[in-house]
Amino acid sequence: MKRRSFVKASVLSGAAASILPLSSMAASAKDTGTQFYELRTYTLKNEAQQKLVEDYFQNAAIPALNKLGSKNIGVFTELKPTGQTKIYALIPFNSLADFLNAQEKLDKDADYQTKGAAYLTAPASEPAYERIESSLLKAFAHMPKMQVPKQSPRIFELRRYEHATESAGKKKLEMFNDAGEIDVFKRLGFNPVFFGETIIGDHRPNLIYMITFDDLNAKGAHWKAFGSDPEWKKISGNPDYSDAKLVSHITSTLLQPVAASQV
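To keep things clear, this report deals only with the structure shown in the data block. No experiment lies behind these values; they were computed from the predicted model shown.

Summing up its helical and strand segments, the chain has 10 helices and eight strands in all. A burial count over the chain gives 43% of its 263 residues as buried. In the chain, 78% of the contacts between residues at least 6 apart in sequence involve partners at least 24 apart. With the model as given, the accessible surface of the chain reaches about 13700 Å², and the carbon-plus-sulfur share is 52%.

Turning to the layout of surface pockets, a few remarks are in order. By volume, the largest pocket is sized at about 340 Å³. Elements that contribute at least two residues to the lining of the largest pocket include exactly β1 (36-43), β4 (131-139), β5 (155-162), β7 (206-213) and β8 (249-257). Residues of the lining of the largest pocket, tallied by class, amount to four nonpolar, seven polar and six charged. Counted as a void, the second largest pocket has a volume near 190 Å³. Residue lining of the second largest pocket: H163, E166, G169, K170, L173, E197, T198, I199, R204, P205, N206 and L207, and that is the complete set. Taken together, the elements giving at least two residues each to the lining of the second largest pocket come down to α6 (166-177), β6 (194-200) and β7. Per element, the largest residue contribution to the lining of the second largest pocket is four residues, and it comes from α6. A class-by-class count of the residues in the lining of the second largest pocket yields four nonpolar, four polar and four charged.

Before going further, it helps to examine the environment of A168. Note that A168 resides in helix α6. With residues near it in sequence (within four places) discarded, A168 still touches H163, K245 and L246.

As a further point, take the pairing of β1. Where burial is concerned, most of β1 is hidden: seven out of the eight residues are buried. Pairing of β1 with β4 involves eight bridges; the strand directions are antiparallel. Along β4, the bridge assignment pairs T43 with R131.

Below, the discussion takes up the packing of aromatic side chains. This model, assessed by the stated rule, comprises 28 aromatic pairs. Where Y37 meets F194, the ring centres are 5.1 Å apart and the plane angle is 50°; that geometry is what we call tilted. In this pair, Y37 sits in strand β1 while F194 sits in strand β6, placing the two residues 157 residues apart along the sequence. For the pair shown, Y37 and F194 are each scored as buried. Consider the rings of F190 and F213, whose centres lie 5.7 Å apart with planes at 70°: the pair is edge-to-face.

Attention now goes to the side chain of R40. Within the secondary structure, R40 sits in strand β1. Separated by 2.9 Å, the side chains of R40 and E38 make a polar contact. Discounting residues that sit within four places of it in the chain, R40 has contacts with Y56, F57, I87, Y88, A89, I91, I132, E133 and S134.

Glancing now at the sheet that holds β8. Here eight strands make up a closed barrel; going around it, the order is β1-β3-β2-β8-β5-β7-β6-β4 and the pairing antiparallel. Neighbour to neighbour, the strand axes of the sheet diverge by 35° on average, direction disregarded. Relative to β8, strand β2 (residues 74-78) is paired through three bridges, and the arrangement is antiparallel. In the strand pairing of β8, F76 is matched with P257. Where helix α3 (residues 96-107) meets the sheet, it contacts β1, β3 (87-93) and β4, and its direction lies at approximately 120° from that of β3.

Conventions used here
- Residues numbered from 1 in each chain as written.
- Predicted model: local features only at pLDDT ≥ 70, side-chain atom pairs only at ≥ 80, totals over all residues.
- Heavy atoms only, no water.
- Helix = DSSP H or I, 4+ residues; strand = E, 2+ residues; numbered from the N terminus.
- Buried < 20%, exposed > 50% of the residue type's maximum accessible area, 1.4 Å probe, protein only.
- Contact = heavy atoms within 4.5 Å.
- Areas by Shrake-Rupley, 256 points an atom, 1.4 Å probe, with all protein chains shown as cover.
- 1 Å grid on protein atoms, 1.4 Å probe; cavity = no way out; pocket = protein on both sides within 12 Å on 5 of 7 lines; lining within 4 Å.
- Points joined across faces, edges and corners; volume = space filled by probe spheres on them.
- Nonpolar A, V, L, I, M, F, W, Y, C, P; charged D, E, K, R; others polar.
- Pairing = 2+ DSSP bridges.
- Phe/Tyr/Trp six-rings, centres within 6.5 Å; stacked < 30°, edge-to-face > 60°.
- Polar contact = N/O pair within 3.5 Å; in protein donor to acceptor, adjacent residues only side chain to side chain.
- Axes fitted to C-alpha atoms, helices over the stretch in contact; angles between N-to-C directions.

Here's what the structure looks like:
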């Protein structure tokens, strides 16, 4: 085989290797009803950018994505920012195919393009944001769909558990799903919004979940109850599930919903 043909074949084989698992995952998710989530983090430099991004979601992105079947879109700012807040956006998709096709459909949506123009066509001299970090998450088997909390004063905690290896990540998934950790969260009233395994994104391997509280006092009380819960002690007491084996780093971010948020 000539070198040029060999290189072309190698590139195509590599691309196919990346696409095939996603195709298989899409088919599986369609059969089981498992949702996928895009979690975006917008880095901003000032309040003008914050307003531009919030207006974009309120007037353009949320209505357009709702029409495409992505319901209950969450948009949040940091509860205790250090300097200018970041904006977090949580967008659910009913299948991987919906996620893959969304941008093409938005590009053809004239109303979305018009209402989002200030954000979509912002000049390089005055950008709408500094950067977007984006992750694609697959919902956990024992909580395959987002659950929206009541629309009342509330705060959210977004938690990311990083793992040293893929096998440790799979074991932590087992702990949440099969061993019953998700059930403990639900029983103790944490009102989880979602649990997701990061399929594409930074700091992999990791899992991310979001829980809800009325206020900071409620947050403290709930975590205290969690730590002393007999069922949780039984689960975490299993040597196979020790944090030392499964979790290399935890990041916790406190969030509050913006006016347009549907979560």
